[in-house]
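Structural characterization, general
One letter stands for each residue in the lines below.
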Amino acid sequence: MALPTLTPEQREAAQAKSREARQARSALLAGIKSGDETIPAVLDRGKSDPIAGKTKVSQLVRALPGYGPAKASAVLEQAGIPEDRRVAGLGARQREALVSALS
């Protein structure tokens, strides 16, 4: 399947949209790192907020102070969440398991 040919204006609009999404996701992760945001709050917003919903759960956990790749992987494994799962794709039990694993 070939990619559609975009006009320069369409290409620039797509690049601007992706740039804004990356900046919003970076601000979300910075908020978690600084303590302004909490994981339960982000998980609750996951269904309604597209930026929070498309963020990988592993990125959220790694943004917490003191959680590196190994510790984040251990928490996700304990909660039964795959590494590539996004916030919007979590079920209610997975959200509860993640919050309890982080407590």
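Here we summarise the structure given alongside this text. Predicted, not measured: the structure shown is a model, and the values here were computed from it. (Residues numbered from 1 in each chain as written. Predicted model: local features only at pLDDT ≥ 70, side-chain atom pairs only at ≥ 80, totals over all residues. Heavy atoms only, no water.)

1. Focus on the pattern of salt bridges
- Going through the model one piece at a time under the given rule, you end up with 3 salt bridges.
- Across the pair R19 and E12 runs a salt bridge, and its minimum N-O distance is 3.7 Å.
- Ionic pairing is found between R45 and E37, a salt bridge with its closest N-O pair at 3.1 Å.
- Classification of R45 by relative accessible area gives partly exposed; the value is 29%.
- A cluster of three or more residues bridged by salt bridges with shared partners is formed by E37, R45 and D49. (Salt bridge = Lys/Arg side-chain N within 4 Å of Asp/Glu carboxyl O. Buried < 20%, exposed > 50% of the residue type's maximum accessible area, 1.4 Å probe, protein only.)

2. Some remarks on the packing of helix α5 (residues 69-79) against helix α6 (residues 92-102)
- At a minimum axis distance of 8 Å, the contact between α5 and α6 shows a crossing angle of 135 degrees. Considered as vectors, α5 and α6 are oriented oblique to each other. Relative to α6, the crossing made by α5 is right-handed. Within the contact between the two elements, α5 uses V75, L76, Q78 and A79 and α6 uses A97, L98, A101 and L102.
- A breakdown of the residues in the contact of α5 with α6 according to their chemical character gives 7 nonpolar, 1 polar and no charged. (Axes fitted to C-alpha atoms, helices over the stretch in contact; angles between N-to-C directions. Helix = DSSP H or I, 4+ residues; strand = E, 2+ residues; numbered from the N terminus. Parallel < 35°, antiparallel > 145°, perpendicular 65-115°, else oblique. Left-handed = near helix turned anticlockwise from the far one by under 90°. Contact = heavy atoms within 4.5 Å. Nonpolar A, V, L, I, M, F, W, Y, C, P; charged D, E, K, R; others polar.)

3. Focus: the layout of surface pockets
- Taken as a whole, the largest pocket holds about 170 Å³ of empty space.
- Sorting the residues of the lining of the largest pocket by element identifies α1 (8-34) and α3 (50-53) as the ones contributing at least two each.
- In terms of residues, the lining of the largest pocket owes the most to one element, α1, which gives 6 residues.
- Grouping the constituent residues of the lining of the largest pocket by class yields 3 nonpolar, 1 polar and 5 charged. (1 Å grid on protein atoms, 1.4 Å probe; cavity = no way out; pocket = protein on both sides within 12 Å on 5 of 7 lines; lining within 4 Å. Points joined across faces, edges and corners; volume = space filled by probe spheres on them.)

4. Focus on the nonpolar core
- Ranked by size, the top nonpolar core spans 23 residues in total, and within it I32, I39, V57, L60, V61, L98 and L102 carry the most contacts.
- Those elements giving two or more residues to this core turn out to be α1, α2 (39-45), α4 (57-63), α5 and α6.
- I32 has contacts with E37, I39, V42, L60, A63, L64 and P65, leaving out every residue within four places of it along the chain. (Core = buried A, V, L, I, M, F, W, Y, C linked by side-chain atoms within 4.5 Å.)

5. Some thoughts on the environment of L28
- Along the chain, the position of L28 falls in helix α1.
- Residue L28 is classed as buried on the basis of its relative accessible area of 6%.
- When the C-alpha atoms of L28 and A16 are compared, they prove to be 18 Å apart, with 12 residues separating the residues in sequence.
- Discounting chain neighbours no more than four positions away, the residues touching L28 are E37, V42, R45, A52, T55 and L60.

6. Thoughts on α6
- Looking only at α6, the buried set comprises Q94, L98, A101 and L102. Projection of α6 onto a plane perpendicular to its axis shows the buried side chains occupying an angular sector of 95 degrees, all on one side. Those residues of α6 that are exposed and angled more than 90 degrees off the buried face are R93 and E96. (Arc of directions from axis to C-beta.)

Geometric values such as these leave the question of function open.
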